[in-house]
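Chain residues, written in single-letter form:
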Amino acid sequence: MLIATVFLCFLCAVRCDLLSQAPADEVLLKEDETKWRQEAITKLWEERAKIGHTPLIEFPVAGLPRLRLFIKNETATATRSLKHRFVWALAMWAVVDGKVNSNSTAYDSTSGNTGASEAYMFTAIGVPYIAVVATDLEQAKIDNIEKHGGKIMKVDVSLRNFHAKDEAEKNNGFFINQFGNAEQAEEYFESGNYTYESSNVFHEILAQLRDDPQVKRATVDYFVHSAGTGGTISSVGRYVDRYNIPTKVVLADSEFSLFYDYVIHDSFKNESGTKLWRKPGVAGIGYGYDVEPVIFGQTTSLVRSVIDEAVKMPDIATAAALRELNARGMDGGPSSALNILVSLHMALQDPKEELQIVTLMNDPAEFYQKNYFNDEWIEKVFEDRGGMKALECWRQEIASTLDKGTNFLESGLKNCAAPPKMRV
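All figures in this text were calculated on a predicted structure; none of them were measured in a lab.

Caption draft 1: Geometry of the state of the cysteines. Scanning all chains against the criterion turns up one disulfide. A sulfur-sulfur separation of 2.1 Å characterises the disulfide bridge that pairs C393 with C416. Looking down the S-S bond of the C393 and C416 bridge, the torsion is -85°, so its handedness is left-handed. Of this pair, C393 sits in helix α14 (residues 387-404) while C416 sits in the segment after α15 (408-415), and the two are 23 residues apart along the sequence. For C393, a relative accessible area of 19% gives the class buried. In this structure C416 comes out as buried when scored by relative accessible area, which is 6%.

Caption draft 2: A look at helix α8 (residues 201-211). Of all eleven residues in α8, nine are buried, a share of seventy percent or more. Within α8, the full set of buried residues consists of V201, F202, H203, E204, I205, L206, A207, Q208 and L209. Where α8 starts, the residue carrying a side-chain oxygen 2.9 Å from the main-chain nitrogen of F202 turns out to be N200.

Caption draft 3: Geometry of the sheet that holds strand β4 (residues 129-134). With parallel pairing, the four strands of this open sheet are ordered in space as β5-β4-β3-β6. Only two strands of the sheet have a single neighbouring strand rather than two, namely β5 (151-155) and β6 (174-175). Sheet analysis places strand β3 (residues 106-109) next to β4, joined by four bridges and oriented parallel. Each residue of the ladder has a partner; that of S109, found in β4, is V132.

Caption draft 4: Spotlight on unusual backbone geometry. In this chain, K279 is followed by P280 through a cis amide linkage whose omega measures 0°. Within the fold, P280 resides in the loop between α10 (259-265) and β9 (309-312). Within the chain, R80 stands out as a residue other than glycine whose phi angle is a positive 75°. Its relative accessible area of 24% is what places R80 among the partly exposed residues.

Caption draft 5: How the structure looks around the nonpolar core. Ranked by size, the top nonpolar core spans 49 residues in total, and within it L67 and V342 carry the most contacts. Of all the secondary-structure elements, those providing two or more residues to this core are β2 (67-73), β7 (222-225), β8 (248-253), α11 (315-327), α12 (334-349), β10 (355-361), α14 and α15. When residues of this core are assigned to their parent elements, the largest contribution, eight residues, is made by α12. Once you skip the residues sitting within four places of it in the chain, V342 turns out to touch V224, V250, A252, V311 and M313.

Rules behind the numbers
- Residues numbered from 1 in each chain as written.
- Predicted model: local features only at pLDDT ≥ 70, side-chain atom pairs only at ≥ 80, totals over all residues.
- Heavy atoms only, no water.
- Disulfide = S-S within 2.5 Å.
- Helix = DSSP H or I, 4+ residues; strand = E, 2+ residues; numbered from the N terminus.
- Buried < 20%, exposed > 50% of the residue type's maximum accessible area, 1.4 Å probe, protein only.
- Polar contact = N/O pair within 3.5 Å; in protein donor to acceptor, adjacent residues only side chain to side chain.
- Pairing = 2+ DSSP bridges.
- Core = buried A, V, L, I, M, F, W, Y, C linked by side-chain atoms within 4.5 Å.
- Contact = heavy atoms within 4.5 Å.

Worth remembering: the numbers are spatial, not functional.
Quick look at the structure:
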């Protein structure tokens, strides 16, 4: 014990001596960076408190009285999308792990929503942010990024990741890489509602169901969600698996996305899907536009092993659902409409007398007024799938499911202008 004490004193003396020999400006620089880091972390926890618990609302489905469909409204965040909490976790990881400092500039490839949230969070901690976006990104999303302090760099959609990484390397910046680093940031642990609460969306959902006196059964049969980076649904899947929660996690995928094949068949890890991808897809989700394959930790954060099922829907049906659901008061964008379509599909396939399904409202409808709500745009991009006539047909079938409990997918594929053969 005496030897250990003497050795410890010796180490302290050496360390103090080394510090005394270090240039004063280096010591001050280290102190300044430590102070900046502590202040950045404090600011991020303040932001977490502002997020709070986003609303969990029940969406009535008269045609399926045995279904209770809950929608977690992520548009209630400061940047209007589910990416707000995800980016909070990314920013916290970047600061804690020393990926950024007071002199950093952050870059990322984004389809819009993540970019707005990254602009917000990194600006809040004093780190400049550059969003690398597709040349045809919706102007409303560009405005949202710039509104929160970000700057825009436009490139071809297939080269977004390349340019974001390249710009960061050339300018000694930090490439956030939401597609590869979500695993490092997403929290999938239970935190007991303490002051420093987990940002995991499923953690909140269970807490809200538990505390709602109108909910008799605080469990979830299916959690349904689409994927862009794959981080959110993967964090939910990990949470469910870690605590053995009896909830099936279902991936809602767009028609020409590779994620379905990646999850179900373990495909597209060595080849690109650009030849299969078709515009417009469903804004903000899916994969196939990039020149790189679906590689976990590089181009995606989607964890195959924690997804129980995957379901594709025709893109024209998603566009139709968007309009019908918005007419019924669901103020969400196209990926939110896809989430609800797949939720309805799961309910139609499951014969249980009582079902509880939870999904997410990812972003608001206002981001898509100039495309998905524009008849001319629909006619142009969905021309080979029947245009507005097909959309109205699908809309009627979806309305029938909501009101009468019919099977919109079976009827739509039979009665509406069918899309090209889907890969299953």
